[in-house]
Amino acid sequence: MGKALEGVRILDFTHVQSGPTCTQLLAWFGADVIKVERAGEGDATRGQLRDIAGVDSLYFTMLNHNKRSMTLDAKRPAGKEVLETLIKQCDVLVENFAPGALDRMGFSWERIQELNPRMIVASVKGFGPGPYEHCKVYENVAQCTGGAAATTGFDDGPPLVSGAQIGDSGSGLHLALGIVTALYQRNTTGRGQKVLTSMQDAVLNLCRVKLRDQQRLERNGVMEEYPQFAGGQFGESVPRAGNAFGGGQPGWILKCKGWENDPNAYIYFIAQAQVWPSVCKLIGREEWITDPEYATPKARLPRLMSIFATVEEWSTTLTKFEAMDILNKYDIPCGPILSMKEIAEEPSLRATGTIVEVDHPERGPYLSVGNPIKLSDSPTEVRRSPLLGEHTDEVLADLGYSREQIALLREERVI
Ligand code: COA
């Protein structure tokens, strides 16, 4: 059995994080991803946040597995010719340049269609059409303009960005789905189409529950599961909810044994209605099972924070893993706060290929996140990221260029 996307050839004109996340996924599913980079520097992330002098950074290596790299100056006439050949022979062009860069290079949608009407052109941009469409955007700009920062953090603190790269990697995921959908539609139409993911849209899509809450707030003036409900005040827009749960079951982060010295000695605890009697028994408050002030989810809403404080008296007597074991015995939903060190060392994540150790000729072995999407008939083997221009000659030969032609392109510094 081959790989799911075997036979699909991708012209990968992406850089930094959002676009590379997308093309890495497609490569993991078996597409032939040809990363086109400028000679010399290549993708700027090769040199950013380096931990070893002169060696491709982890930023780059962890976002560009399973790809081939070729160098090309796409602004020079001979480079444009190579790009035209690539466009004719690829199925998808993926790019996340600043708005208008591809047009300025001479490759408008119309021109690409002339060259290859089956080509899918997939782009990440900071914003969709509108007042900000010409802006350059990085991760945190998207988190701030997509609703994430305004709704993350605590009520008495400033907006916060998340450690999860929902703007970049989130956009890349959305774009990958758009591409495979367009490939699927091409089977019946025979035509390519444009696929656009705006980073603001991707973040907003992931903040969907906050737009839900905005409308609930406008209708009712309060939201009972928010910490502000007990004594605080609501304004006009969804407030920051601290660690409140975004669904219909209340939850909070509680301290566990050792929290004074360990920043991650905490557990997320969910007071799911179905298991309320078990919670009461466990924390020694059996009277709460029948007490009308605590017996129903509605009665508990105004006193959630004091309930969590009482559960915390119990959880601080246990390590986060002991608390997890005990709560799970009673089917009480919870999750320890795992540090990145604990995650990196977790054997079950290694066993499933979610954390992989990859070898690299210049940096040696390093850890990466493998493919989080598991296909039973198309398993992922994670192969190291390419060195800059490692496959230039190979790709050009695949495209039909002779040795002499390749030598000439090199002499003219086009590759
Ligand atoms: N040959 C010749 N020129 C090339 C080239 C190649 N192989 N690869 C890139 N270039 C050129 C581009 O054509 C562009 O030229 P132009 O400005 O004359 O049109 C230039 O390099 C710079 O590209 P740009 O995308 O503007 O890079 P930047 O470093 O200035 O901006 C971003 C970086 C990420 C802010 C910007 O690309 C952007 O907003 N992208 C869309 C949103 C996005 O994906 N952001 C998240 C990144 S994780």
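Use the structure listed above.
Heads up: these notes are all about the structure in this document. (Residues numbered from 1 in each chain as written. Predicted model: local features only at pLDDT ≥ 70, side-chain atom pairs only at ≥ 80, totals over all residues. Heavy atoms only, no water.)

1. Here we look at the site of the ligand
Around the ligand there are 24 residues in total, and Lys-75, Ala-98, Arg-104, Lys-136 and Val-137 lie nearest to it. His-15 is positioned with one of its side-chain polar atoms (N or O) 3.1 Å from an oxygen atom of the ligand. Ala-74 has a polar backbone atom sitting 3.0 Å from a nitrogen atom of the ligand. Coverage of the ligand by the protein chains reaches 84% of its 930 Å² of free accessible surface. Tallied by class, residues from the shell around the ligand come to 12 nonpolar, 5 polar and 7 charged. (Near = heavy atom within 4 Å. Polar contact = N/O pair within 3.5 Å; in protein donor to acceptor, adjacent residues only side chain to side chain. Areas by Shrake-Rupley, 256 points an atom, 1.4 Å probe, with all protein chains shown as cover. Nonpolar A, V, L, I, M, F, W, Y, C, P; charged D, E, K, R; others polar.)

2. Section: a positive patch on the surface
Judged by side-chain charge, Arg-38, Lys-75, Arg-104 and Lys-136 come together as a positively charged surface patch. As for its position among the elements, Arg-104 is in helix H4 (residues 101–104). (Patch = residues over 30% accessible without salt bridge, like charges linked within 9 Å, V, L, I, M, F, W, Y side chains within 5 Å. Salt bridge = Lys/Arg side-chain N within 4 Å of Asp/Glu carboxyl O. Lys, Arg positive; Asp, Glu negative; His and termini not counted. Charge placed at Lys NZ, Arg CZ, Asp CG, Glu CD. Helix = DSSP H or I, 4+ residues; strand = E, 2+ residues; numbered from the N terminus.)

3. Here we look at the sheet that holds strand S8 (residues 266–270)
Pairing is antiparallel in the open sheet, where 3 strands are placed in the order S7-S8-S9. Unpaired on one side and paired on the other, strand S7 (251–255) and strand S9 (334–336) mark the two borders of the sheet. Averaged over all neighbouring strand pairs, the angle between strand axes comes to 20 degrees, with direction disregarded. Of the strand pairs in this sheet, S8 and S9 are connected by 3 bridges, and their pairing is antiparallel. Residue Phe-269 lies in a different strand from S9, and its bridge partner there is Cys-334. Across the sheet, helix H12 (residues 304–315) lies against S7 and S8, angled at about 35 degrees from S7, the strand it touches most. Against the sheet, helix H13 (residues 320–329) contacts S8 and S9, and its axis sits at roughly 160 degrees relative to S9. (Pairing = 2+ DSSP bridges. Axes fitted to C-alpha atoms, helices over the stretch in contact; angles between N-to-C directions. Contact = heavy atoms within 4.5 Å.)

4. Considerations on the packing of aromatic side chains
According to the stated counting rule, one finds 9 aromatic pairs in the structure shown. Pairing Trp-252 with Phe-308 gives two aromatic rings, centres 6.3 Å apart and planes at 15 degrees, and the pair type is stacked. On the criterion of sequence distance, the pair formed by Trp-252 in strand S7 and Phe-308 in helix H12 is long-range, its members being 56 residues apart. The buried category is assigned to Trp-252, whose relative accessible area is 14%. Their ring planes at 5 degrees and their centres at 6.1 Å tell us that Trp-276 and Trp-288 sit as a pair that is stacked. You can see Trp-276 sitting in helix H10 (residues 276–282) and its partner Trp-288 sitting in the loop between H10 and helix H11 (297–300), a full 12 residues away along the chain. Judged by its relative accessible area of 3%, Trp-276 falls in the buried class. (Phe/Tyr/Trp six-rings, centres within 6.5 Å; stacked < 30°, edge-to-face > 60°. Buried < 20%, exposed > 50% of the residue type's maximum accessible area, 1.4 Å probe, protein only.)

5. Observations regarding the sheet that holds strand S4 (residues 92–95)
An order of S3-S2-S1-S4-S5-S6 is seen for the 6 strands of this open sheet, with the pairing classed as parallel. Edge positions in the sheet fall to strand S3 (68–71) and strand S6 (194–198), since each has one partner strand and no second. Neighbour-to-neighbour, the strand axes of this sheet turn through a mean angle of 20 degrees, independent of strand direction. Of the strand pairs in this sheet, strand S5 (residues 120–125) and S6 are connected by 5 bridges, and their pairing is parallel. In the strand pairing of S6, Lys-125 is matched with Ser-198. Helix H7 (residues 168–189) rests against S4, S5 and S6 of the sheet, and its axis sits at about 165 degrees to S5. Packing against the sheet, helix H8 (residues 199–206) makes contact with S5 and S6, and its axis sits at approximately 65 degrees to S6.

6. Some thoughts on H13
Because each turn of an α-helix spans 3.6 residues, side chains separated by three or four positions in sequence point in the same direction. Along H13, the residues classified as buried are Lys-320, Ala-323 and Leu-327. Relative to the axis of H13, the buried residues are bounded by an arc of 60 degrees and lie together on one face. Those residues of H13 that are buried are in contact with S8, H10, H12, S9 and helix H14 (340–345). Just past H13, the residue Asp-331 takes up positive phi, approximately 60 degrees. (Arc of directions from axis to C-beta.)

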